[in-house]
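Analysis of the macromolecular model
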Amino acid sequence: MKKAWSVVFALALLLIALGGVVFGLSLIMDADLVRVADAVFARYDLAKVIVAVREAFGGLTAVFGVSIL
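Rules behind the numbers
Residues numbered from 1 in each chain as written. Predicted model: local features only at pLDDT ≥ 70, side-chain atom pairs only at ≥ 80, totals over all residues. Heavy atoms only, no water. Helix = DSSP H or I, 4+ residues; strand = E, 2+ residues; numbered from the N terminus. Buried < 20%, exposed > 50% of the residue type's maximum accessible area, 1.4 Å probe, protein only. Areas by Shrake-Rupley, 256 points an atom, 1.4 Å probe, with all protein chains shown as cover. Patch = residues over 30% accessible without salt bridge, like charges linked within 9 Å, V, L, I, M, F, W, Y side chains within 5 Å. Salt bridge = Lys/Arg side-chain N within 4 Å of Asp/Glu carboxyl O. Expected span 1.5 Å × (residues − 1).

1. Concerning the overall build of the protein chain
Broken down by element type, the protein chain carries three helices and zero strands. Start at the N end of the protein chain and walk to the C end: the helices and strands fall as α-α-α. Within the span of the protein chain, comprising 69 residues, buried residues form 1% of the whole. When the accessible surface of the protein chain is split by element, carbon and sulfur atoms take 75% of a total near 6,400 Å².

Next up, the structure:
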């Protein structure tokens, strides 16, 4: 099980690093961040996502008795 978690952790770090590289390249290539943000906000309601994540973590923290958010 420990090996599986190390693989998951390595994959997560790889994806985060790749996202950082892509974001950095987009800034170097003078991307229009306002246009990108408009496209994201038009497709996804981020306020609902944030509320859902808080509720999910709220349920988990109630079980374990720890407050995260």
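2. Here's the deal with a nonpolar patch on the surface
A surface patch of nonpolar side chains, about 780 Å² in accessible area, is lined by V36, V40, F41, Y44, L46, V49, I50, V53 and F57. At five residues, helix α3 (residues 46–64) tops the list of elements feeding residues into the nonpolar patch. Following the sequence through the fold, L46 ends up in helix α3.

3. Description of unusual backbone geometry
The phi dihedral of D30 is positive, around 60°, even though this residue is not glycine. Structurally, the position occupied by D30 is in the loop between α1 (2–28) and α2 (33–43). Overall, D30 belongs to the exposed group, its relative accessible area being 67%.

4. Focus on α1
End to end, α1 covers 39 Å across 27 residues, agreeing with the expected 39 Å (1.5 Å per residue, within 8%). D30, located one to two residues past α1, shows a positive phi value of around 60°.

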